[in-house]
Amino acid sequence: MKYRVKDVTLANAGKQRIDWAESHMPVLYALKKKYEISKPLKGFKLTGCLHVTKETGVLIRTLKAAGAELSWCGCNPLSTQDDVAASLANDEEIAIFASRGVSTKEYYEDIHSSMKILPNVTIDDGADLTVEIHNESSSNDKYDLFGGTEETTTGVIRLRALEKSGKLMYPVIAVNDAETKHDFDNVYGTGQSALDGIIRSTNVMVAGKNVVVAGYGHVGKGISRRAAGLGANVIVTEIDPIAALKAKLDGYAVTSMDDASSRGDIFITTTGCKDVINYKHILNMQDGTILANAGHFNVEIAVSELEKNSINKQPINEHVMLYKSQQNKKIYLIGEGRLVNLAAAEGHPSEVMDMSFANQFLAVLKLSKEGKSWKPNVYTVDKSQDQEIAMAKLTSMNVKIDVLTPEQQKYLSGFSEGT
Ligand SMILES: NC(=O)c1ccc[n+]([C@@H]2O[C@H](COP(=O)([O-])OP(=O)(O)OC[C@H]3O[C@@H](n4cnc5c(N)ncnc54)[C@H](O)[C@@H]3O)[C@@H](O)[C@H]2O)c1
């Protein structure tokens, strides 16, 4: 099978949207122009398991222009944009296995179909591909692996656990740990797109609502700021005292989920942890409460208990399910509790994915050159790569910054000059 997409006739629409994204991703586009002649990835096979959005389409085009042979699958059953998948199959001739709304069985079949290329480098988002490769083979002999990259916080946590167990088979670059990734994509990208998903699917007025944000890390901070900007009263729940203190001093109410559960109108989980909103919390909630998750996996909200204990459920639209409890209370769940910004909207804006995917591209390039000599550990992105991407992004936005004079450099690196 060359590819598996929902409807290849959507290719033209998908191509237009990838073109649009490309025109908003100047840093990645400059990398494409830089490497399309020399083709440093020629002879390299790459498998990606990362949300099939128009921005990912631009990353795929860029890797292909640099000479790579690619296969790809989605990293979430509800995040594939079918027109984009169609264009990647039809116009870019990528071996792509992805469609929106796959079952869990199909999801893993797609990962295994994309693995058949026997990649030299894996590009992962959530670590499902990397874990499947590890499950399939206890040794590297079937694969000639130079390394892998990981896009998100949850994936990095899983891979560090694999590294700690001594079972990680090949080096992985934690792209998420780049400052130009998590301080922008997770904060501004998810902040905007999670609210977009909630608003697109419900058209609810955010102003005046109590919005409970579970977790005040990068994603939680971004979402809290955007919700407050729309006029919400933000209530944060946390397990980490430092993060909780930051939320409090940023001006939000902070309390436990036991307490917040009866006060919120809209709940958004952003923790990467499981059982953050359990069924006891749901029983505590007000009639008409809206639930959404922005963390990587659909484990943050007790969806299966909601399913099991509700007396009936009814779709409100493509993205929202109404659950009625035995007490006739209505709870609305967006996107099955999967990441709301991709399930019910288009994911992050192209401008911010420009930096995340420039990091991905440069990490793949580095692995293709050096990965074979690295130990199987999880690596962070070099500071110089972060600086290069930040500078390129600023330049694309016509922003100037100052440069240290030699005297200033000397002052900052010395200790003798005080006053
Ligand atoms: N939706 C998206 O497009 C998108 C984008 C980036 C990251 N993510 C995902 O979002 C999640 C969070 O990422 P991040 O970068 O913000 O991580 P982070 O580590 O910066 O923040 C997570 C926060 O959640 C808190 N937390 C953990 N368990 C909790 C619990 N039970 N109750 C309350 N708070 C809890 C932690 O203390 C921490 O402050 C991850 O799953 C990540 O993969 C999603």
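Details of the structure are given in the entry above.
Presented here is a report on the structure given in the accompanying data block. (Residues numbered from 1 in each chain as written. Predicted model: local features only at pLDDT ≥ 70, side-chain atom pairs only at ≥ 80, totals over all residues. Heavy atoms only, no water.)

As for the sheet that holds strand β3 (residues 95-97)
- Reading across from one edge, β3-β2-β1-β4-β5-β6-β15 is the order of the seven strands in this open sheet, with parallel pairing throughout. Of all the strands in the sheet, the pair left with one neighbour each is β3 and β15 (378-380). Neighbour to neighbour, the strand axes of the sheet diverge by 20° on average, direction disregarded.
- Judged from the five bridges that link them, strand β1 (residues 45-49) and strand β2 (residues 69-73) form a sheet pairing that is parallel. Residue pairing in the sheet places C49 in a bridge with C73 of β2.
- The strands touched by helix α7 (residues 153-164) within the sheet are β5 (147-150), β6 (172-174) and β15, with β15 carrying the most contacts at an inclination of about 130°. (Pairing = 2+ DSSP bridges. Helix = DSSP H or I, 4+ residues; strand = E, 2+ residues; numbered from the N terminus. Axes fitted to C-alpha atoms, helices over the stretch in contact; angles between N-to-C directions. Contact = heavy atoms within 4.5 Å.)

Here's the deal with the packing of helix α1 (residues 11-23) against helix α3 (residues 54-65)
- Packing of α1 against α3 leaves a shortest axis separation of 8 Å and a crossing angle of 80°. Accordingly, the angle class assigned to the pair α1 and α3 is roughly perpendicular. Within the contact between the two elements, α1 uses K15, R17, I18, D19, W20, A21 and E22 and α3 uses K54, E55, G57, V58 and R61.
- Classifying every residue of the contact of α1 with α3 by side-chain character gives four nonpolar, one polar and seven charged. (Parallel < 35°, antiparallel > 145°, perpendicular 65-115°, else oblique. Nonpolar A, V, L, I, M, F, W, Y, C, P; charged D, E, K, R; others polar.)

Side note on the nonpolar core
- If you look at the biggest cluster of nonpolar residues, it comprises 48 residues, and the most contacted ones within it are L41, L46, L63, W72, I96 and F361.
- Among the secondary structure elements, those contributing two or more residues to this core are α1, α2 (26-35), α3, β2, α4 (82-90), β4 (121-124) and α15 (350-370).
- The element that contributes the greatest number of residues to this core is α15, accounting for 11 residues.
- Those residues in contact with L63 that lie beyond four places of it in its chain are L41, L46, A68, L70, W72, I123, F361 and V364.
- If you look at the next biggest cluster of nonpolar residues, it comprises 26 residues, including V236, Y252, I268 and A344. (Core = buried A, V, L, I, M, F, W, Y, C linked by side-chain atoms within 4.5 Å. Buried < 20%, exposed > 50% of the residue type's maximum accessible area, 1.4 Å probe, protein only.)

Observations concerning the sheet that holds strand β7 (residues 210-214)
- Spatially, β9-β8-β7-β10-β11-β14-β13-β12 is the arrangement adopted by the eight strands of the open sheet, whose pairing is mixed. Single-partner strands in this sheet number two, and they are β9 (253-254) and β12 (312-315).
- One ladder, built from two bridges, connects strand β8 (residues 233-237) with β9; its direction is parallel. If you follow V236 over to β9, its bridge partner there is V254.

Some points on the pairing of β4
- Alternating residues of β4 divide into V121 and I123 and T122 and D124, and every residue in both groups is buried.
- Summarising the sheet, β1 and β4 pair through four bridges and their orientation is parallel. Across the sheet, residue T47 finds its bridge partner in β4, namely T122.
- Here β4 runs beside β5; their pairing, made up of four bridges, is parallel. Residue pairing in the sheet places I123 in a bridge with T149 of β5.

Any link to function would need more than the numbers given here.
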